[in-house]
Amino acid sequence: MILVTGAAGGMQGSTGRLVTQALLERGHPVRAFVHTDDDRAAELRKLGAEVVTGDLREIADVLPALAGVRRAFFTYPVTEGLLDATAAFAAAAREHGVERVVEVSQLAAEPDANTHRMRQHWVAEQVFDWANVGAVHLRGAVFFENLDMLIRLSGRNELAAPFGGPDTLLPLIAGADVARVAAGLLDDPIPETDPICRLTGEMLTVAEAAAAFGVPYVDVPPDDWERSALASYGDPDTVRHLTKLWEIFRFLGPNDHPLYRVTEAIEQYGGRPPTTLREYTAS
C-alpha cells in the first residue's frame, strides 16, 4: 500500500493526482489522502484508489491514514502549515515503519535561502531525515504550471512578473515530470538514490518562456507585482514566497546554482526525457 497526499490535485502541477494515477497504472494499491470528499475524490475511487479524508496538519487524521503503508508521497501547497503537516506526517510514518517517503521540497531549500518557504522546506527535509523513513527530497525547479498561472492571473494575456530583463534565466520543469520521478522512486524494487534529488527539465530565458506560451514578457516592478498578486492569489504566504523567488532569478547568475542545468534524474527515474515547455503548451 502506498499513501499519496495531495491526491485530488490543484491548479499548479497536481503532482499528487498524477502520482496516484501512475502508481495505479503500475498495479500498486494506492490510498489517496484528500482534504475534501468531493467530485475529485469520486474520480480517484473510479480509478481504483482507496480514498481517505483529513487534515495533514492533524496527527489524528494522518496516523490512521498511514496504517499498513510502507511507502508514501508527501506534498503540501504553498500556504501556511507546511511544518505542522511535516511533523505530523513524519511522526506517523516513523510510528508505522514506513520505508520510503518521497516528498516535494523546493529549488534551493537551504537554511539561508532567500525565501521563507525554502527555509521551511529545508527544515522539513531535516524532520523527515530525523524520522528515519527513507526520505527522498525532490528539489524541483519552477513548474511550467506556475508560469501558466502567472499568465492567466495577469488578465492581459502576457507574462507579467518582476523577473528583470528578458534574458533572465529560469530553471523549469513540468509537474508531470516531477510526478513521474516520484512514482519511479516509489516503485518496485525501490531504487537507490541520494536523499536530495534535484529536478530541472529545461533552462530558458524569461523571454523564451513567454514566447513558448505565445505571449510577450513584461517586467513589472516588484512592489507593483506584489500588490496585484495579493488580489489574484488571495494568500499572503504564497505571494511573499513568490516575490522573493522572482528576486532570486533577477540576481542569480547561470553558474551560481546546480539547478541551472538539466538533471539526469528525470529520465533516470521518470522513464523518459524531460518535457519541454513547447511540448507542454502544445498539449
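Q: Is there a simple way to think about the pattern of salt bridges in this case?
A: Side-chain pairs of opposite charge can arise whenever the charged atoms involved come near each other. For the structure shown, the criterion picks out 17 salt bridges. In this structure, the salt-bridge partner of Asp-38 is Arg-40, at a minimum N-O distance of 3.2 Å. For Arg-40, a relative accessible area of 38% corresponds to the partly exposed category. Residues Glu-43 and Lys-46 are paired through a salt bridge, measuring 3.5 Å at the closest nitrogen-oxygen approach. Taken together, the positions of Glu-43 and Lys-46, both in helix H2 (residues 39-47) and three residues apart, correspond to about one turn of that helix.

Q: How do you make sense of helix H10 (residues 236-251) when you look at a structure like this?
A: Note that an α-helix has 3.6 residues per turn; residues three or four places apart therefore point the same way. Along its 16 residues, H10 runs 23 Å from first to last C-alpha, staying within 8% of the 22 Å computed at 1.5 Å per residue. Three or more residues of H10 are buried, namely Asp-237, Thr-238, Val-239, His-241, Leu-242, Thr-243, Leu-245, Trp-246, Ile-248 and Phe-249. On its buried face, H10 sits against helix H5 (116-131), strand S7 (142-143), helix H6 (144-154), strand S9 (169-173) and helix H9 (222-233). A distance of 2.9 Å separates the backbone nitrogen of Asp-237 from a side-chain oxygen at the start of H10, and that oxygen is part of Asp-235.

Q: Please clarify how the packing of aromatic side chains should be interpreted in this entry.
A: Pairs of aromatic rings are described using the distance from one ring centre to the other and the angle between the two planes. Taken as a whole and judged by the stated rule, the model has ten aromatic pairs. Aromatic side chains Trp-225 and Tyr-233 sit 6.5 Å apart centroid to centroid with 55° between the ring planes, which places their arrangement in the tilted category. Where Trp-225 meets Trp-246, the ring centres are 6.1 Å apart and the plane angle is 80°; that geometry is what we call edge-to-face. Placement of the pair is Trp-225 in helix H9 and Trp-246 in helix H10, with a sequence separation of 21 residues. An aromatic cluster is built from Phe-163, Tyr-217, Trp-225, Tyr-233, Trp-246 and Phe-249, whose rings are joined through pairwise contacts.

Q: Would you take a moment to explain the pairing of strand S4 (residues 71-74) for this structure?
A: Working note: regular strand, side chains alternate between the two faces of the sheet. Burial of the side chains of S4 extends over both faces: Arg-71 and Phe-73 are buried on one face and Ala-72 and Phe-74 on the other. The pairing of strand S1 (residues 2-5) with S4 spans three bridges and is parallel. Paired with Leu-3 across the two strands is Ala-72, which belongs to S4. Here S4 runs beside strand S5 (residues 100-104); their pairing, made up of four bridges, is parallel. Within the sheet, the bridge partner assigned to Arg-71 lies in S5 and is Arg-100.

Q: Sorry if this is basic, but what is going on with the sheet that holds strand S10 (residues 196-199) here?
A: Across a sheet, strands are paired by hydrogen bonds formed along the backbone, either parallel or antiparallel in direction. The parallel open sheet is built from seven strands, whose spatial order is S3-S2-S1-S4-S5-S6-S10. Each edge of the open sheet carries a strand with a single partner, namely strand S3 (50-53) and S10. Each strand of the sheet is rotated relative to its neighbour by a mean of 20°, with strand direction disregarded. Its contacts with the sheet place helix H4 (residues 82-95) against S1, S4 and S5, and it is angled at close to 180° to S4.

Q: Got a minute to help me understand the packing of H5 against H10 in this structure?
A: Any two packed helices are characterised by how steeply their axes cross, that is the angle between the axes, and by the distance between the axes. At a minimum axis separation of 8 Å, H5 and H10 run at an interaxial angle of 100°. It follows that H5 is roughly perpendicular to H10 by the angle criterion. Contact residues: His-116, Arg-117 and Met-118 in H5; Asp-237, Arg-240, His-241, Leu-245 and Ile-248 in H10. The residue makeup of the contact of H5 with H10, split by class, is three nonpolar, two polar and three charged.

Q: What is the right way to read unusual backbone geometry from this model?
A: Leaving glycine out, the prevailing phi sign among residues is negative, and the prevailing peptide bond configuration is trans. Across the junction of Asp-188 and Pro-189, the peptide omega takes the value -15°, indicating a cis bond. In this fold, Pro-189 is placed in the loop between helix H7 (175-185) and S10. Phi at Leu-107 takes a positive value of approximately 25°, unusual for a residue other than glycine. Look at Leu-107 and you get buried, because its relative accessible area is 7%. Non-glycine residue Asn-132 carries a positive phi angle of around 60°. By secondary structure assignment, the location of Asn-132 is in the loop between H5 and strand S6 (136-140).

Thresholds, definitions, all that
Residues numbered from 1 in each chain as written. Predicted model: local features only at pLDDT ≥ 70, side-chain atom pairs only at ≥ 80, totals over all residues. Heavy atoms only, no water. Salt bridge = Lys/Arg side-chain N within 4 Å of Asp/Glu carboxyl O. Buried < 20%, exposed > 50% of the residue type's maximum accessible area, 1.4 Å probe, protein only. Helix = DSSP H or I, 4+ residues; strand = E, 2+ residues; numbered from the N terminus. Expected span 1.5 Å × (residues − 1). Contact = heavy atoms within 4.5 Å. Polar contact = N/O pair within 3.5 Å; in protein donor to acceptor, adjacent residues only side chain to side chain. Phe/Tyr/Trp six-rings, centres within 6.5 Å; stacked < 30°, edge-to-face > 60°. Pairing = 2+ DSSP bridges. Axes fitted to C-alpha atoms, helices over the stretch in contact; angles between N-to-C directions. Parallel < 35°, antiparallel > 145°, perpendicular 65-115°, else oblique. Nonpolar A, V, L, I, M, F, W, Y, C, P; charged D, E, K, R; others polar.

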